[in-house]
Amino acid sequence: MFAVLSLDMGAAMKTLVLTLDLVGTFVFALSGATAGARRRLDIFGVLVLSFVAANSGGIVRDLLIGATPPAAISDWRYLAVSLLAGVVIFFWYPLINRLKSPVLFFDSVGLALFCVAGAQKSLVFGLEPVMAALLGMLTGIGGGIARDVLLSNVPAVFRSDIYAVAALAGASVVVVGDALQLPTTATAVAGAALCFGLRMAAVRYDWHLPRARTPEHADGQREVDERDDNR
């Protein structure tokens, strides 16, 4: 009986991780494709950027925990979801662009979903709690870093209002919930909500970590950062 229950719990955890991964992949792909469309890339460039933004964090996570080959290149659903998001943005970009700061919104949702999915998958593979939380954070920020590097931008994690810290907070909720043996779905929802809430509140109220500044560039750099964050 206990063996069957354990098997069911393991299957449920894998299903939850897969669901969060695929939904997060779609949302992050939207953010990557939207950023590409704003730079007037052709359809190939938009699709490449959608895949890279959606899957870079997950690929790094899977390689680090030994889940090889990474799900993003061994499961056709990840490619299909990424390309679908890219096609949606390419053909309906004017409609999507009516949203206020669409890249910021999609990026925040993807960050929230990926940080909890990354932490949960790391726990499934037996990582210690602290490392599981850090890998959850890495899963969340990896796609945004890759997207920004390909577009020749300073990655948001290095210049933006609370970003990596929000991902780490969301992943930590999952890790603490697992240690307390709380329901996995509830902790995933709570972690994602905390991450998303912190990220959006940081943008709204201008919360940020201390930044390195020089007197002659402080004011000008402030304006550049604000424009980048609201693209």
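Just so it is clear, the model here is predicted, and its values are computed rather than measured.

Draft legend 1. Here's a closer look at the UniProt feature "transmembrane region" (unreviewed entry) in the protein. Here, UniProt's "transmembrane region" (unreviewed entry) annotation points to residues 12-31, 43-64, 76-96, 103-124, 130-150, 162-180 and 186-203. Helix makes up 100% of residues 76-96 and strand 0%, with an end-to-end C-alpha separation of 26 Å.

Draft legend 2. Focus on empty space enclosed by the protein. Scanning the entire structure with this criterion turns up 1 cavity of 30 Å³ or more. By volume, the largest cavity is sized at about 60 Å³. Taken together, Asp-21, Thr-25, Ala-54, Asn-55, Gly-58, Ile-59, Arg-61, Asp-62, Ala-71, Ala-72, Tyr-78 and Phe-114 form the lining of the largest cavity. When residues of the lining of the largest cavity are traced back to their parent elements, those giving at least two are helix H1 (2-38), helix H2 (43-65) and helix H3 (71-74). By residue class, the composition of the lining of the largest cavity is 6 nonpolar, 3 polar and 3 charged.

Draft legend 3. Spotlight on the packing of H2 against helix H5 (residues 102-124). Axis separation between H2 and H5 bottoms out at 11 Å; the angle between their running directions is 15 degrees. Relative to H5, the element H2 is oriented roughly parallel. In the packing of H2 onto H5, the handedness of the crossing is right-handed. In this structure, H2 uses Ala-54, Arg-61, Asp-62 and Ile-65 to contact H5, whose residues at the interface are Phe-114, Ala-117, Gly-118, Lys-121 and Ser-122. A class-by-class count of the residues in the contact of H2 with H5 yields 4 nonpolar, 2 polar and 3 charged.

Draft legend 4. Local environment of the packing of H2 against helix H6 (residues 129-150). Their axes nearest at 7 Å, the elements H2 and H6 cross at an angle of 140 degrees. Relative to H6, H2 is oriented oblique. Like other packed secondary-structure pairs, H2 and H6 cross with a definite hand, here right-handed. Residues Leu-49, Val-52, Ala-53, Ser-56, Gly-57, Gly-58, Val-60, Arg-61, Leu-64 and Ile-65 of H2 touch H6, and the partners they reach there are Leu-135, Leu-138, Thr-139, Gly-142, Gly-143, Ala-146, Arg-147 and Leu-150. Of the residues belonging to the contact of H2 with H6, the class tally is 10 nonpolar, 6 polar and 2 charged.

The rules behind the values
Residues numbered from 1 in each chain as written. Predicted model: local features only at pLDDT ≥ 70, side-chain atom pairs only at ≥ 80, totals over all residues. Heavy atoms only, no water. UniProt positions renumbered as here; feature names shortened; annotations may be inferred. Helix = DSSP H or I, 4+ residues; strand = E, 2+ residues; numbered from the N terminus. 1 Å grid on protein atoms, 1.4 Å probe; cavity = no way out; pocket = protein on both sides within 12 Å on 5 of 7 lines; lining within 4 Å. Points joined across faces, edges and corners; volume = space filled by probe spheres on them. Nonpolar A, V, L, I, M, F, W, Y, C, P; charged D, E, K, R; others polar. Axes fitted to C-alpha atoms, helices over the stretch in contact; angles between N-to-C directions. Parallel < 35°, antiparallel > 145°, perpendicular 65-115°, else oblique. Left-handed = near helix turned anticlockwise from the far one by under 90°. Contact = heavy atoms within 4.5 Å.

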